[in-house]
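Observations on the three-dimensional arrangement
Below are the chains, spelled out letter by letter.
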Amino acid sequence: MRQSAERALRFWPWKAKALMLPLAILSIASACVTPATAQTAQSAAPLVSYPATTLTGMQSAELRKSLDDCRKICTERPGCVGFDHTPSSNQCRLFAAINSASDNAEATAETRYPINGYRTPAAPEEPKQREFALFPNHDVFGNDLNVFASDTIAECQRSCADNAQCSVFTFNAWNKKCFLKAGTGELRLDPRATTGVSSELPPPSYRDSEVKMEYYHSYVMSGSRIGPRRVSNSRQQCADICWENDACVAFSFAAGDRACSIYDSADNRFPQQGIESGSKVQPRP
């Protein structure tokens, strides 16, 4: 037994050294990893921008592309940690690792990480909000992309702004529906609707067709009233008052009170006995 123990003790230093050698190699390898090497790891974060900058490092590709295409390729390509682009030649250089950067008025650079020892990247640009010209009391027929329930015109406009294919929307306030459209057409008079047209499009034209009065039995209008109520003896007389006023798009007549209300916008209508109402419309195509 004693001899076995002595043999084990003599064997232990050699075995310990054999085990420690790989550990030492791993320790040395870990110490050799520099911050620059760590920056080659992929990141899902958006690229940071360095205007008037050129990069130095491990270049993975050189292409002739626009700035937007260069950015798209780097964003989608695994292993690309940044690029620089020269507009005069459309030179797009992609990098697998970045060592440093320097000022260059003719180039721009974007990277996945801030560059150590270089200036602070430019602040990200706020996304530009799409603008729409609004046309109250008007509808546009056709070019529909989507139709869905919507409570407000603001919600309908946001939905169009967030859809790259949408350039026109119509909000039907009476039915609480939003129509997203791929293009415009002639504006048609209809107090139910408000149409928004992207500022990127030319102003739309108005439909040149007959305007008619559409009547609603036992309904009262809700909206922006023009002046005080007028005295009227009949629905037709109230309608005539609306016809005589170019700003009027709708009316309500209360027979019991002999009262006529005219409106330059009608956001809705509601059932009510003893009330006769109407609105000016151009029939659909």
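On a predicted model such as this, the values are computed, not experimentally measured, just so you know. (Residues numbered from 1 in each chain as written. Predicted model: local features only at pLDDT ≥ 70, side-chain atom pairs only at ≥ 80, totals over all residues. Heavy atoms only, no water.)

1. Looking at the overall build of the protein chain
- Assigned secondary structure in the protein chain consists of 5 helices and 12 strands.
- A total of 285 residues make up the protein chain; the buried ones form 35% of that total.
- Long-range contacts, defined as pairs at least 24 residues apart, comprise 69% of the intrachain contacts of the protein chain with a sequence gap of at least 6.
- Just so you have it, the protein chain exposes about 17100 Å², and 55% of that area is on carbon and sulfur atoms. (Helix = DSSP H or I, 4+ residues; strand = E, 2+ residues; numbered from the N terminus. Buried < 20%, exposed > 50% of the residue type's maximum accessible area, 1.4 Å probe, protein only. Contact = heavy atoms within 4.5 Å. Areas by Shrake-Rupley, 256 points an atom, 1.4 Å probe, with all protein chains shown as cover.)

2. Considerations on the sheet that holds strand S7 (residues 177-181)
- With antiparallel pairing, the 5 strands of this open sheet are ordered in space as S4-S8-S6-S7-S5. Edge positions in the sheet fall to strand S4 (132-140) and strand S5 (144-149), since each of these pairs with one other strand and no more. Strand after strand, the sheet turns through a mean of 20 degrees between neighbouring axes, direction not considered.
- Of the strand pairs in this sheet, S5 and S7 are connected by 5 bridges, and their pairing is antiparallel. Paired with Val147 across the two strands is Phe179, which belongs to S7.
- Packing against the sheet, helix H4 (residues 153-161) makes contact with S4, S5, strand S6 (168-172), S7 and strand S8 (187-198), and its axis sits at approximately 155 degrees to S6. (Pairing = 2+ DSSP bridges. Axes fitted to C-alpha atoms, helices over the stretch in contact; angles between N-to-C directions.)

3. Considerations on the nonpolar core
- Residues Cys160, Phe169, Trp174, Leu180, Met221 and Ala250 are the most contacted members of the largest nonpolar core, which totals 17 residues.
- Only H4, S6, S7, strand S9 (212-225) and strand S12 (259-281) provide two or more residues apiece to this core.
- Not counting residues up to four positions away in its chain, the partners in contact with Cys160 are Arg130, Phe132, Cys166, Ser167, Val168, Phe169 and Leu180.
- Listed in part, the 11 residues of the second largest apolar core include Cys238, Ala239, Phe253 and Cys260. (Core = buried A, V, L, I, M, F, W, Y, C linked by side-chain atoms within 4.5 Å.)

4. Examining the sheet that holds strand S1 (residues 48-64)
- Strand order in the open sheet made by the 3 strands is S1-S3-S2, with antiparallel pairing throughout. Of all the strands in the sheet, the pair left with one neighbour each is S1 and strand S2 (82-86). Direction aside, neighbouring strands of the sheet carry axes that sit 40 degrees apart on average.
- In this structure, S1 lies alongside strand S3 (residues 91-111), joined through 15 bridges in antiparallel fashion. Note on S3: the bridge partner recorded for Thr56 is Ser100.
- Across the sheet, helix H3 (residues 67-76) touches S1, S2 and S3, and the angle it forms with S2 is around 165 degrees.

5. Remarks on the state of the cysteines
- Counted under the stated rule, the structure contains 6 disulfides.
- A sulfur-sulfur separation of 2.0 Å characterises the disulfide bridge that pairs Cys70 with Cys92. Around the S-S axis, the bridge from Cys70 to Cys92 shows a dihedral of about 80 degrees and counts as right-handed. Of this pair, Cys70 sits in helix H3 while Cys92 sits in strand S3; the two residues are 22 residues apart in sequence, bridging distant segments of the chain. Comparing Cys70 with Cys92 shows no difference in burial state: the two are buried.
- Here Cys242 pairs with Cys248 through a disulfide, and the sulfurs are 2.0 Å apart. Looking along the S-S bond of the Cys242-Cys248 disulfide, the torsion reads about -100 degrees, which is the left-handed sense. Summarising the burial analysis for this pair, Cys242 and Cys248 share the class buried. (Disulfide = S-S within 2.5 Å.)

6. Overview of the confidence of the model for the protein chain
- When pLDDT is averaged along the protein chain, the result is 87; 84% of the residues meet or exceed 70.
- The lowest-confidence element of the protein chain is helix H2 (residues 35-38), averaging 38 in pLDDT; the highest-confidence one is strand S11 (residues 250-254), averaging 98.
- A low-confidence stretch, residues 4-41 (pLDDT under 50), is modelled with 11 contacts involving residues beyond four sequence positions or located in other chains. (pLDDT = per-residue confidence, 0-100.)

7. Describing the side chain of Asp84
- Position of Asp84 relative to the elements: it lies in strand S2.
- Given a relative accessible area of 2%, Asp84 falls into the buried group.
- Polar side-chain contacts of Asp84 include one of 2.6 Å to the side chain of Arg93.
- If near-sequence neighbours (up to four positions away) are discounted, Asp84 is found in contact with Thr53, Thr54, Leu55, Cys70, Gln91, Cys92, Arg93, Phe95, Thr108 and Ala109. (Polar contact = N/O pair within 3.5 Å; in protein donor to acceptor, adjacent residues only side chain to side chain.)

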